[in-house]
Amino acid sequence: HALHEHDRASMAKRLIPLLDRVLVQRMEAPKSVGGILLPESATSKLNEGKVISVGPGRRDKDGAVIPMGVKEGDKVLLPPYGGSEVKLGDEEYFIFRDEDLLGVLKD
């Protein structure tokens, strides 16, 4: 089972987004907090994701690479809509432009 999970993770890491795009996996919403069961409406609004891989960045008009705002492993705040859904194996991922991500969440 652990190997199967590792295969999926490496499959996702092999997908390198182009330009300023970021591959993100949405974080699972907790079904309960402190023993209190959360209603479906509260858990569906969780817009956190983990950055799986990042593109090299967009180039400006002079050809210089504009650095990406996030890096692999960052926890990010996602917009409620948008992103292109990608299925790798039985896992769902989303591709966003770097500028569409709302922020990086620090622990």
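Residues numbered from 1 in each chain as written. Predicted model: local features only at pLDDT ≥ 70, side-chain atom pairs only at ≥ 80, totals over all residues. Heavy atoms only, no water.

A. Spotlight on unusual backbone geometry. Unusually for a residue other than glycine, L19 sits at a positive phi of about 50°. Note on placement: L19 falls in the loop between helix 1 (2-14) and strand 1 (21-26). (Helix = DSSP H or I, 4+ residues; strand = E, 2+ residues; numbered from the N terminus.)

B. Quick peek at the nonpolar core. Counting residues in hydrophobic clusters, the biggest one holds 10 residues: V22, V24, V51, M68, V70, V76, L78, F94, F96 and L101. When residues of this core are traced back to their parent elements, those giving at least two are strand 1 and strand 7 (91-97). Grouped together as the second largest cluster of nonpolar side chains are 6 residues, V86, L88, Y93 and I95 included. (Core = buried A, V, L, I, M, F, W, Y, C linked by side-chain atoms within 4.5 Å. Buried < 20%, exposed > 50% of the residue type's maximum accessible area, 1.4 Å probe, protein only.)

C. Up close: the pattern of salt bridges. Evaluation of the coordinates by the stated rule reveals 4 salt bridges. Close ionic contact of R58 with D20 constitutes a salt bridge, the shortest N to O distance being 3.2 Å. Note that R58 is positioned in the loop between strand 4 (48-54) and strand 5 (75-77) and D20 in the loop between helix 1 and strand 1, a separation of 38 residues in sequence. Residue K87 pairs with E92 through a salt bridge whose shortest N-O separation is 3.8 Å. Note on E92: relative accessible area 38%, which makes it partly exposed. (Salt bridge = Lys/Arg side-chain N within 4 Å of Asp/Glu carboxyl O.)

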